[in-house]
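# Structure at a glance
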Amino acid sequence: MKAKVLFLLHLPPPIHGSSLIGKYIMESSIIRDAFDTTHLNLLASKSVQETGKVTLRKLINFIKLGLRLLRKLACKNPDLCYMALTVSGVAFYRDVVLVMLLKLFRVKIVYHLHHKGVSRKQNNKVYAFLCRYVVRDTDVILLSNHLYTDIAAFVPNHSVHICPNGIPDMAFAKTKKRESELVQLLFLANLFEAKGVFVLLE
C-alpha cells in the first residue's frame, strides 16, 4: 500500500521559483507512482503585484483553504505532509495556523524552504516562539548546505536534508554559431548576488 502524502504547495500563478518547483512536484510521475498524493495550493496571490499584501479576497481564500485542509486531514488521514513553508511576512503567520491543524491531527511534517529570513527575525520573541513550535519534531529540506546558518538556531542539523532545485529535461534547438557571434542570455531573476548573477556571468 502506498504511503499517503499531502502536499501543501505554492502553485502558479504567479510564476516564481517556489511555485515552479511546486508545479514540477505536482506533475512528477515518479512521485505520483510512489505515493498516494493529495495537493493543496498555498498561494493566495494571483499576480506578483499582490504578493505581500493583505486583502479581503485573500482572507476569504485562507478560510476556504483551512476548511479544505481540515477535510483532507479528516478524510485522507495522511501519513506525511510536505509543506512549502513561508518563513517571513504575513504568510508565515498564516502558515502557523495550518501547521497547528497538521499537528492537531499528528501528521508528520517535512518543510521545504525556498527562502531565507529566519535569522533576521530570530531575536523577535513572538517569532522565535512560533518558529520553535513550527519546526519541533519535523524535518526540513534546504536547497544548499550554505542556507543552514539561517535556521541553525531552531533546527538541528540531523533534521536537515539538502535537495538542490532542478528543472525538467528540455529539448533545446542546437544552432551553430560562429565564434565571433555573442551568445545572448536572458537571466530571469532578481539581480541579487545570492541569486547567482555573477556565477552566470563567469
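Look above for the structure.
Note that the structure is a prediction, hence the values are computed from the model and not measured. (Residues numbered from 1 in each chain as written. Predicted model: local features only at pLDDT ≥ 70, side-chain atom pairs only at ≥ 80, totals over all residues. Heavy atoms only, no water.)

## A word on the side chain of S19
Mapped onto the fold, S19 is located in helix 1 (residues 17-27). Excluding anything up to four places from it in sequence, S19 contacts H10, L11, P12, P14 and L43. (Helix = DSSP H or I, 4+ residues; strand = E, 2+ residues; numbered from the N terminus. Contact = heavy atoms within 4.5 Å.)

## Concerning the environment of Y24
Looking at the secondary structure, you find Y24 in helix 1. For Y24 and G166, which are 142 residues apart along the polypeptide, the C-alpha to C-alpha distance reads 9.2 Å.

## What to know about empty space enclosed by the protein
It is the rolling of a water-molecule-sized probe over the atoms that shows where space remains empty. Per the stated rule, a full pass over the model turns up 2 cavities of 30 Å³ or more. As for the largest cavity, its lining consists of L85, V87, F92, L113, V118, Y127, C131, V134, V135, V140, I151 and V155. If one sorts the elements of the lining of the largest cavity by residue count, helix 6 (residues 125-135) sits on top with 4 residues. Class assignment for the residues of the lining of the largest cavity results in 12 nonpolar, no polar and no charged. Here the second largest cavity defines a volume of roughly 40 Å³. If you trace the second largest cavity, you find it lined by K4, V5, L6, D36, T38, K72, K76 and P78. Going through the elements one at a time, strand 1 (4-9), strand 2 (36-41) and helix 3 (56-76) are the ones with two or more residues in the lining of the second largest cavity. A per-class count over the lining of the second largest cavity returns 3 nonpolar, 1 polar and 4 charged. (1 Å grid on protein atoms, 1.4 Å probe; cavity = no way out; pocket = protein on both sides within 12 Å on 5 of 7 lines; lining within 4 Å. Points joined across faces, edges and corners; volume = space filled by probe spheres on them. Nonpolar A, V, L, I, M, F, W, Y, C, P; charged D, E, K, R; others polar.)

## Section: the sheet that holds strand 4 (residues 108-112)
The strand order across the open sheet built from 6 strands is 2-1-3-4-5-6, with neighbouring strands paired in parallel fashion. Each edge of the open sheet is held by one strand with a lone partner, namely strand 2 and strand 6 (160-162). Pairs of neighbouring strands in the sheet enclose a mean axial angle of 20°, with direction left out of account. The strands touched by helix 3 within the sheet are strand 1 and strand 2, with strand 2 carrying the most contacts at an inclination of about 165°. Its contacts with the sheet put helix 4 (residues 89-104) on strand 1, strand 3 (80-83) and strand 4, and the angle it makes with strand 3 is roughly 170°. (Pairing = 2+ DSSP bridges. Axes fitted to C-alpha atoms, helices over the stretch in contact; angles between N-to-C directions.)

## Quick word on the layout of surface pockets
Computed from the structure, the second largest pocket encloses a volume of approximately 340 Å³. What lines the second largest pocket is a set of 18 residues, and nearest its centre among them are I21, I25, I31, H112 and C163. Mapped by element, the contributors of at least two residues to the lining of the second largest pocket are strand 1, helix 1, strand 3 and strand 4. Broken down by element, the lining of the second largest pocket gets its largest block of residues, 3 residues, from helix 1. When its residues are assigned to classes, the lining of the second largest pocket shows 15 nonpolar, 3 polar and no charged.

These results come straight from atomic positions and should not be treated as a statement about function.
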